[in-house]
Amino acid sequence: MAQQQQQQQQGMPVIDTGREPCPDRILDDIGGAFAMGAVGGGAWHLVKGLRNSPPGFRIRGALEVSMS
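Residues numbered from 1 in each chain as written. Predicted model: local features only at pLDDT ≥ 70, side-chain atom pairs only at ≥ 80, totals over all residues. Heavy atoms only, no water.

**What to know about the overall build of the protein chain**
For step 1, the next point in the chain: When you go through the protein chain residue by residue, the secondary structure sums to three helices and zero strands.
For step 2, the next point in the chain: Relative to its full complement of 68 residues, the protein chain shows a buried share of 7%.
For step 3, the next point in the chain: Total accessible area on the protein chain is roughly 6,000 Å²; 62% of this is exposed by carbon and sulfur atoms. (Helix = DSSP H or I, 4+ residues; strand = E, 2+ residues; numbered from the N terminus. Buried < 20%, exposed > 50% of the residue type's maximum accessible area, 1.4 Å probe, protein only. Areas by Shrake-Rupley, 256 points an atom, 1.4 Å probe, with all protein chains shown as cover.)

Take a look at the structure:
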C-alpha cells in the first residue's frame, strides 16, 4: 500500500492487481466497450433523426432512424 502511494506521488501509473485474471478481464472490458458504443450510437442517431426530420414529424423521424 505504501508503495502505491509513493508511485502516485511520483506521477507513476499504478497497476490494479486486485482485478480478475486476463481472459475474464478482457471479455469484461469488451462487453463494457460494446455497451458504451451501443448507447452512444443510439444517442447519435436519435439526434441525427431529430435534426433531419421535417417539422411536425421530428420525434417519429428520430425514433425511426435510431431503431433502424
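**A few points about the packing of helix α2 (residues 22-52) against helix α3 (residues 58-67)**
For step 1, the next point in the chain: Running from amino to carboxyl end, α2 crosses α3 at an angle of 145°, the nearest separation of the two axes being 7 Å. Crossing of α2 over α3 shows right-handed handedness. The segment α2 lies against α3, with Gly42, His45, Leu46, Gly49, Leu50 and Arg51 engaging Arg58, Ile59, Gly61, Ala62, Leu63, Val65 and Ser66. (Axes fitted to C-alpha atoms, helices over the stretch in contact; angles between N-to-C directions. Left-handed = near helix turned anticlockwise from the far one by under 90°. Contact = heavy atoms within 4.5 Å.)

**Considerations on the side chain of Ser53**
For step 1, the next point in the chain: Here Ser53 shows up in the loop between α2 and α3.
For step 2, the next point in the chain: A distance of 2.6 Å separates a polar atom in the side chain of Ser53 from the backbone oxygen of Gly49.
For step 3, the next point in the chain: In this view, Ser53 contacts Arg58, Gly61 and Ala62; residues no more than four positions away in its chain are not counted. (Polar contact = N/O pair within 3.5 Å; in protein donor to acceptor, adjacent residues only side chain to side chain.)

**Quick notes on the confidence of the model for the protein chain**
For step 1, the next point in the chain: The predicted model of the protein chain has a mean per-residue pLDDT of 82, with 76% of residues at 70 or higher.
For step 2, the next point in the chain: No element of the protein chain has a lower mean pLDDT than helix α1 (residues 2-9), which averages 62, and none a higher one than α2, which averages 91. (pLDDT = per-residue confidence, 0-100.)

**Looking at a nonpolar patch on the surface**
For step 1, the next point in the chain: On the surface, Leu46, Leu50, Ile59, Leu63 and Met67 cluster together into a nonpolar patch covering about 500 Å² of accessible area.
For step 2, the next point in the chain: Secondary-structure elements contributing two or more residues to the nonpolar patch are α2 and α3.
For step 3, the next point in the chain: Take Leu50: it is sitting in helix α2. (Patch = residues over 30% accessible without salt bridge, like charges linked within 9 Å, V, L, I, M, F, W, Y side chains within 5 Å. Salt bridge = Lys/Arg side-chain N within 4 Å of Asp/Glu carboxyl O.)

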